[in-house]
Amino acid sequence: QVQLVESGGGLVQAGGSLRLSCGASGSIFSSSTMGWYRQAPGKQRELVALIAGGGTTRYADSVKGRFTISRDNAKNTMYLQMNSLKPEDTAVYYCKMVTIYYTDYWGQGTQVTVSS
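First, a word on scope: everything that follows refers to the structure included in this document. As the structure is a computational prediction, the values presented were derived from the model and not from experiment.

1. Topic: the packing of aromatic side chains
Inference 1: This model, assessed by the stated rule, comprises two aromatic pairs.
Inference 2: On the numbers, 5.1 Å between centres and 65° between planes, the contact of Y37 with W106 is edge-to-face. Of this pair, Y37 sits in strand β4 (residues 33–39) while W106 sits in strand β10 (residues 104–106), placing them 69 residues apart in sequence.
Inference 3: Y37 sits in the buried class, given a relative accessible area of 15%.
Inference 4: Look at W106 and you get partly exposed, because its relative accessible area is 35%.
Inference 5: Arranged with centres 6.4 Å apart and planes meeting at 85°, the rings of Y94 and W106 form a pair that is edge-to-face. Within this pair, whereas Y94 is found in strand β9 (residues 91–98), its partner W106 is found in strand β10, the two being separated by twelve residues in sequence.
Inference 6: Residue class for Y94 comes out buried when judged on its relative accessible area of 14%.
Inference 7: Here the aromatic residues Y37, Y94 and W106 are joined through ring pairs into a cluster of three or more.

Cut-off values and rules
Residues numbered from 1 in each chain as written. Predicted model: local features only at pLDDT ≥ 70, side-chain atom pairs only at ≥ 80, totals over all residues. Heavy atoms only, no water. Phe/Tyr/Trp six-rings, centres within 6.5 Å; stacked < 30°, edge-to-face > 60°. Helix = DSSP H or I, 4+ residues; strand = E, 2+ residues; numbered from the N terminus. Buried < 20%, exposed > 50% of the residue type's maximum accessible area, 1.4 Å probe, protein only.

If you want it as structure tokens, here you go:
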């Protein structure tokens, strides 16, 4: 069973930065596609960024140029560097793992609040 644990959320002023981390248990991290998603109050959960096992990345248009997704396979950890944060980035951020067997795992989420 895979466990994902997010950390790094918090309260930041608009224009500030935060770095989220997602640590994974198990031995399948390096071959899995990892992603960050977010859900704001009253809204559906949406994709923020994806990173494949080989390092290919994909971003939502709303965060391109501001957020950077990365991974350290040796540490079983994925990161999301968030710069130039806006109030509309306020949400609970979740990490997701999609294994090569097409099994999904989710973390418990970490709150990011951006004040104006």
